Structure formats: structure tokens, C-alpha cells
Amino acid sequence: MAKTSSALNELVSELPDPDERGMYCTDINKTKIEKVIARINKGGHDSIIGLVNMLVEPGKGDDAKPRYALHCLAVYVCKRKNRKNRKAFANSLAMQLADDYSKAVKSYLIRQLQVAGGREVVPTLGKLLHDEELCEPAAQALVAIGSGAATQLRNALPEAGGKCRLTIIQNLGVVRDRNSVGTLNRALGDDDRETRPAAAWALANIGDARSVKALLKAADSQGWERIQATKACLLLAERLLSAGKKKEAVGIYTHLRDTRSDPDEHYVREAAEKGLAITNRKARMGG
Amino acid sequence: MHSKGERTMQKDKQVTRREFLKGSIGAATAFTIVPRHVLGGPGYTPPSETFGAALIGCGGRGNGTFNAMGLEARKLAICDVKFVGRTDNKMVYTDFRRVLERKDIDVVAIATPPHWHALISIAAMEAGKDVLCEKPMTRFIAEGRAVADAEKRYKRIFQVGTFGRFGASRNPANIETHKIMKSGLLKNCKAVHIKRGGLKVKQWSGIVNPTPQPIPKSLDWDMYCGPSPLKPYHPHRTGGTHRGYWDYEGGGLTDMGQHHFDPVQWTFAKDDTSPVEIEAYAPPAHPEACGMWGWVEMKYADGLTFVFDSSEWPTQGEPSYDRKENREVSLSDLSEDDQKKIAAMPAPEPLITFAEAVKTRKRAGGNADAANRSATLMHLANIAIRTGRKIHYDPVKEEIIGDDRANRLVNPPMRAPWHL
């Protein structure tokens, strides 16, 4: 870790002090703050490292100003629309994730990458997907960035367990990774009751016809899982219909129409009937 | 064999809450229900008008939201993450999923902090329940579309808890404005609606560096955080003051904005669209704690402009915004021929309350599409504040144009297992 320069310290000290309630509600000078951030940005990599060095775990000291400065910097480099500047900022932060900071500090850095990061930090974030404390922010930053996220999530899944596995499964659905359909189909039979609905939703959102059979089977479960798997079936049918796969969509709707005979599930039957009507209308129109 | 009267009663019992609400009988049955005074005398409520209800989120707005349903409702379940140690999973719950599994619950009032509003609303409709949800409807833009999709997919009733629009929709001046705007006859609309003050900016700000505190034994903190990032516990993040954190709401602007702009949006006939240009004047925002801002200007494609003026920053108690003045829409903005067309237009359909909607299966006046659009106003305003840049928005795709990083605030990822 580099030492923090006195010039940086001076700049950071110019940022507002929290008021008597601990808030930024008094004496907030927009122009002054923006000038400070612009000057910190000019300090480049060293300034970023200096700010990171000032961060502490929550409750272990007062880092309100450097914490604020780092976030303002993340927003500032996006606002400038200077690709080189933004990329340099993101790379500088990403480098620190391999260093010896606390998990709480690293989590904060990842959240700033969620704001300003791009493809350049994707491999670094991917390495954190097996970390119980960092997998959630890392996965969220990855899917916010989008490009390249699916490969990282897919590659991390086989070795992931517990919370990391659940997080990865859900986010494979967010990025709609078709290459994970087989793995996610198997996750429908997972021992973990949170993982099964997450896998069902992920498969539905991906919208691949290979998921139809497994999702219909999952929708025969009971309670919350039945509700969630039924939703997944309806979502999958909508996705398939949008992709022109009418036969598969009809299969889902027909199954739900025929199996939801209990008055308590009449609304699902109606949803399926509506889906069938839309499908038939599209077929008549040659769509 | 049943007598005719018994059959009526029997049928009425069979049509209790479940079939009625699940939509299997639907509107056609509504007029077959015998009035309560015929069946059981004054004060008697027939079973078909009594609804099994649950309250999810039992804080300061809990009972108010529940009562706002306006139904003869039996409260069968209450649910709150702060009920740890006192749950019986019969009446008292900490996990809303267990409540929604119950088949005897027809309607759900949601008064949790807003980061849970959309998820629970969607889950409730997926479980076949009707929903009255406290404002603000959502924490971010994509949630609103997902609620509206669920409302349509399952044909459930959804109503957001901002009733100002019902009063607005009965006001003759508002009706005239509504008709003018709805007609599309007004080109280059120059109307400006400025909301000055009353947005509780300072009141609902967050602490910028909260010192973590021990989690109370009665609180399921992980469940409280839910889809939002799991942060160290601090009491200011809960119990009303949660409004001051991006993780759970969006400051006083989000808290009060939908109250104000929901009826204004109806008046200007903008329930089906959103502004296209959004510009804010604010200092750089804190990453976690909502703080000060001056004004936000939001312009629709037809030129109509809405303005939030905090009147709390840079100077407390004085207007922050001076770029435009309030300007109403009037018939005199139109040619004589067009004025005649407006006069010939029928009055807008009266808005339907939650209770009427539940009973008739007609769409509620503050339905998910309309509520999504009024919530979007606040979210767009906050995105402009948080990114420090002018936003261009596509009201059809419901995404920001040409700014991928600002779009990250339109649909931020959720913590598993929570998803839209």
C-alpha cells in the first residue's frame, strides 16, 4: 500500500463534514466539492490508492470523507465521458482487490466498480465469486457491467457452494446465459430450497426450450416453490413465444390450463388460457 | 333440497372470497350478490363481501395502509421481520412467503420499506392475491414494469396507496386539463407544474458514516435487507428513517413525490408515458445516504414540464428553482374549433377504488401501470441527482438513452434469492 500524500489529505479535508445528525445536510457547497474531486482526479492512480488507504472497516474509524470522495470520483469519471480516465480509475480500484484490505473495504471498492467499471475489471471480479463475503457485490458488479459477465459466472459455478452458488445461479439467469441451461436444469433438483426457485427463474429468464420439461415438473411442487415454478413456466412461455417457439409455449400453457383445476389456482388457469389465445392469434396472423 | 332463500345463501357462501376474487366468477357475478341489508339486516356483512386479509410490514404505515383497503376484511395474518421470537406461523409471521402460501388470504396490504414493495406485490399476485401497496410503489424503475407485468399476467388488482388522484379526478378544472391533454390537440405544450417544498429532503436524509450496532434479537436483519446489499446494522436504517438510504428508498423526494405527482400525472394525462429529458441541480450525491438537492426539471415529449423544487438547498426555506414559472393548460391555448372538440369529449371514466376493483374485478384507479409511471418520475429525478448529468429517457423501452452507466440505476441487481 502506498502512503497517502499530504496534498491529497488536504484536498479530502476540504470535503464537507457531517452535520450534528451525521448527515450531509448543512454547508454543502456543490462548486467546492466538484473542484476538489476534479483535482483529486488529476492525481491519477496515486490519488486513488491514497483514498483507498484512508478507508477503514465500518465502526473502526471515521472515513466519511475519503469514502465520499471515492464515490464522487467514480461518478465523475463516468460523467466526463473520457474513456481512458474511467478505465484507469477502474483498473486502479481493481488492482486493490488483490491487496490486503479488509473485506468490508473491498466490498466498498467493488460497489464503486459497479458504478464505473467496464469490461477491463471483469476478470478481477470473477475471481471473487468464491469468496463468501464478496461474491454478492462481485456478482452484482459483473451483471451491471454485463459484457463478459456470463463467462465468469459460468466458470465459477462448478466450484461454488452455499451463498456463492445461489448468487451465481441467479445471476446466470440475469445475464441469460444459454450455455448454462444444462447446469441450471440440474440445479432444479438441488437440496437447497432457495436454490431451486432461483434456478427455475434463471431458466425461465434465459428462455430456452430445453427447460420446458424440467420446469413443468418443478411446477408440480407445493407451497412457495409451486408458486415460483409456475411463474417461471409462464415467463418461459412468454420468452419462447417471443422467440417464435409456439409449439413449446403451447405445451406449457396447455399443461398449466389442464393441471390448475383447483379453484384456488383458477387465476393461473386463466393466465394459461390467455397465453393460448395470444399464441393462436399470432398463429392466425402468421406471426 | 334447499329453499330459494337457502340456495341464495348457499350460493353466496360458495362465492365467498375465493372464487370471487380468483376471478372465476368475475364481474358477471357482482350484480347477483344480494345486498347485505336483505340478507342479514343492517350491519350484516355477507361472506362474499368479507375478505381474508394479511398485513405485511407492521411499522408506522401498517394499520393505515390496511384500513385504506376499504374492505370488510378479516386480518388473518400479520408479518414483519421484527417479529422474531413471537411468530406462530398462524397469525404472526416474519417470512411473507409463508403468508402468501395461505389459501384463505385474498388481499394483502403491504407497508414494508419500499425496497420490498415490488417483490412482495409481485409474489402476492403470483399467489393469486390482490394488493394494496403503500407508496412509493418501487425502489427503482424496472421494478415498476415487473409489477405491471404481474398484474396483467395474473389479472389481479393492484393499487398504490396514494389516493390524491381520486380527488383530482373529480375536480372540474383537472378534468378539463385532462381532456385537453388526452385529446392530443395541444401541440408544443408550454405547461409547467412546479412542486415547491414539502419534499422532506433534510428530514429523510441518511447518516453518512453510521457506526454498526448490534442487531436486535427481535429483528431478522438479513430478511430486512432482502434484495438490497447486506450492510452492517444501524437503527437509522430502519423504522421510518430508512427513507434516507438509497438501499431502501430514495429520500424525501421518493417518499413524498409520488403523493404529489400521482394526481398531477393523472391530471395531465401522463399515466402511460414518462419524461424524456431530466436535469437536476444538486451537489455530488453520497453513495449510501440520501442528501441535499436543489431542483429537478423533467420534460415530456410534448413539452410539458414537471419540476421538483426542494426549497431546502442551497438555502433553507427559499425557492431553489427559477428557470421557469408555473403555467397551467387552458382551453384558450386551443383554437375555437378545437375547444368545441374538447367540449364534445366525454368525461373521463371515474377512477375505481381498491375496494370496488376487488369486488368488480375492474382495474383500480391507481393501477400498476399508472403507479409505475408516477414512481418513475421520482426514480428518474434521483438518477439525475446521483449521476450528476442530464438524462435522456425512452418512455417506451423504459431505459436511459446513450448512458449505460446511468442505466445501471434503472435496474440494479438484487441479492439472491430475490429477483423480479
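Higher on the page you've got the structure.
Here is what the cut-offs are and how they apply
Every residue gets a number counted from 1 within its own chain, in the order that chain's sequence is written. Whichever chain is written first is A, and whichever ligand is written first is 1; the rest continue in order. The predicted nature of this model means local features are confined to residues of pLDDT at least 70 and side-chain atom pairs, given and counted, to a pLDDT of 80 or more, with totals for whole chains, interfaces and linings taken over all residues. By convention in this description, side-chain values take in all heavy atoms of the structure and omit both hydrogens and water. Labels follow the DSSP assignment, with helices taken as runs of H or I lasting at least four residues and strands as runs of E lasting at least two, numbered in each case from the N terminus. A helix's residues, less one, multiplied by 1.5 Å, set its expected span. Categorising residues by exposure relies on relative accessible area from a 1.4 Å probe, with only protein chains included: less than 20% of the type maximum marks a residue as buried, more than 50% marks it as exposed, and the intermediate range marks it as partly exposed. Being paired, for any two strands, means DSSP has found at least two bridges between them. Contacts: residue pairs with any heavy atoms within 4.5 Å of one another. Fitted lines through C-alpha atoms give the axes, limited to the stretch in contact for helices. The angle between two N-to-C directions lies from 0 to 180 degrees. A clockwise turn of the near helix away from the far one marks a right-handed crossing, whereas an anticlockwise turn of less than a right angle marks a left-handed crossing. Put simply, Ala, Val, Leu, Ile, Met, Phe, Trp, Tyr, Cys and Pro go in the nonpolar bin, Asp, Glu, Lys and Arg in the charged bin, and everything else, Gly too, in the polar bin. N or O atoms closer than or at 3.5 Å make up a polar contact, with two conditions inside protein: a donor-capable atom paired with an acceptor-capable one, and, for residues adjacent in sequence, both atoms drawn from side chains. Here's the idea: put two parts together, see how much 1.4 Å probe accessible area each one loses, and the total over both is what we call buried area. For salt bridges, the criterion is a side-chain nitrogen of Lys or Arg within 4 Å of an Asp or Glu carboxyl oxygen. Definition used in this section: a nonpolar core is a set of buried Ala, Val, Leu, Ile, Met, Phe, Trp, Tyr and Cys residues joined via side-chain atoms within 4.5 Å.

Student: Hey, could you run me through helix α14 (residues 223-242) of chain A in this one?
Tutor: Residues three or four positions apart in an α-helix share a direction because the helix packs 3.6 residues into each turn. Residue and element names in this part refer to chain A. Between its terminal C-alpha atoms α14 stretches 29 Å, which fits the 28 Å expected from 20 residues at 1.5 Å a residue. Burial runs high along α14: 16 of the 20 residues are buried. Two residues or fewer after α14 comes Gly 244, characterised by a positive phi angle close to 85°.

Student: I'm lost on the sheet that holds strand β4 (residues 107-110) of chain B in this one. Help?
Tutor: Strands in a sheet are paired, the pairing made by backbone hydrogen bonds, and the direction either parallel or antiparallel. Residue and element names in this part refer to chain B. Judged by pairing direction, the sheet is parallel, and its 6 strands sit side by side in the order β3-β2-β1-β4-β5-β6 without closing on themselves. The open sheet has two free edges, formed respectively by β3 (92-93) and β6 (158-161), since each of these has just one partner strand. For strand β1 (residues 50-56) and strand β2 (residues 72-79), the ladder comprises 7 bridges, and the chain directions are parallel. Its bridge partner being in β2, Leu 55 is matched across the sheet by Ile 78. Sheet contacts for helix α7 (residues 117-126): β1, β4, β5 (130-134) and β6; angle to β5, the most-contacted strand, approximately 170°.

Student: Looking at this structure, I do not really get unusual backbone geometry. What am I missing?
Tutor: Leave glycine aside and you will find that most residues have negative phi; peptide bonds, for their part, are mostly trans. Residues Lys 135 of chain B and Pro 136 of chain B are joined by a peptide bond in cis, for which omega reads -10°. Inspection of the secondary structure assignment puts Pro 136 of chain B in the loop between β5 and α8 (141-154). Of note, the phi angle at Lys 81 of chain A is positive, near 55°, even though the residue is not glycine. Here Lys 81 of chain A falls in the exposed class, since its relative accessible area comes to 68%. For Arg 361 of chain B, which is not glycine, the phi torsion reads 65° and is therefore positive.

Student: Even after reading the chapter, I still don't get the packing of helix α3 (residues 44-54) of chain A against helix α4 (residues 64-79) of chain A, so can you show me in this structure?
Tutor: A pair of packed helices can be characterised by two numbers: the angle between their axes and the separation between those axes. All names here are of chain A. At a minimum axis separation of 8 Å, α3 and α4 run at an interaxial angle of 145°. You can see that α3 and α4 cross each other, and the crossing is left-handed. In this structure, α3 uses Ile 48, Leu 51, Val 52 and Met 54 to contact α4, whose residues at the interface are Pro 66, Ala 69, Leu 70 and Leu 73. In terms of residue class, the contact of α3 with α4 is built from 8 nonpolar, no polar and no charged.

Student: Explanation requested: the side chain of Glu 120 of chain A in the structure shown.
Tutor: All names here are of chain A. Along the chain, the position of Glu 120 falls in the loop between α6 (103-116) and α7 (122-126). A polar contact of 2.9 Å, which involves the side chain of Glu 120, links it to the side chain of Arg 86. Within polar-contact distance, the side chain of Glu 120 engages the backbone nitrogen of Gly 118 at 2.9 Å. Beyond its immediate sequence surroundings of up to four residues, Glu 120 is in contact with Arg 86, Lys 87, Ala 90 and Asn 91.

Student: What is the right way to look at the interface of chain A and chain B in this model?
Tutor: Accessible area lost during the coming together of the parts is what is often quoted as the interface size. Contacts between the two partners involve 62 residues from chain A and, on the opposite side, 60 residues from chain B. Interface area for chain A against chain B, summed over the two sides, is near 5,200 Å², with a carbon-plus-sulfur share of 56%. Our enumeration of links across chain A and chain B arrives at 4 salt bridges. Notably, a salt bridge pairs Arg 153 of chain B with Glu 238 of chain A, separated by 2.7 Å at the nearest N-O pair. Those elements giving two or more residues to the side of chain A that touches chain B turn out to be α2 (30-42), α4, α6, α8 (135-145), α10 (162-174), α12 (195-206), α14 and α16 (266-284) of chain A. Of the residues contributing to the side of chain A that touches chain B, the split by class is 30 nonpolar, 14 polar and 18 charged.

Student: I would appreciate a short explanation of α10 of chain A in the present structure.
Tutor: All names here are of chain A. Taking 1.5 Å of rise per residue, 13 residues should cover 18 Å, and α10 covers 19 Å from first to last C-alpha, within 8% of that figure. Here α10 has its buried residues at Cys 164, Leu 166, Thr 167, Ile 168, Ile 169, Gln 170, Asn 171, Leu 172 and Gly 173. Each element contacted by the buried residues of α10 is listed here: α8, α9 (149-156), α11 (181-187) and α12.

Student: It is not clear to me how the nonpolar core should be interpreted in this structure. Could you clarify?
Tutor: The nonpolar side chains of soluble globular proteins are, as a tendency, buried together. Among the nonpolar cores identified, the biggest contains 192 residues, and Leu 70 of chain A together with Phe 96, Phe 158 and Phe 308 of chain B are the most heavily contacted of them. No other element matches the 11 residues that α14 of chain A contributes to this core. The residues touching Leu 70 of chain A, leaving out its near neighbours within four places in the chain, are Ile 48, Leu 51, Val 52, Leu 55, Phe 89, Leu 93, Tyr 108, Leu 109 and Gln 112 of chain A. Core analysis: the second largest hydrophobic core is formed by 20 residues, Phe 51, Ile 157, Ile 352 and Phe 354 of chain B among them.

Student: What is the right way to look at the environment of Gly 59 of chain B in this model?
Tutor: Residue and element names in this part refer to chain B. Mapped onto the elements of the fold, Gly 59 is located in the loop between β1 and α5 (62-67). Owing to a relative accessible area of 37%, Gly 59 belongs among the partly exposed residues under this scheme. Spatially, the C-alpha atom of Gly 59 lies 8.1 Å from that of Asp 80, the residues being 21 residues apart in sequence. Among residues more than four places away in sequence, those in contact with Gly 59 are Asp 80 and Lys 82.

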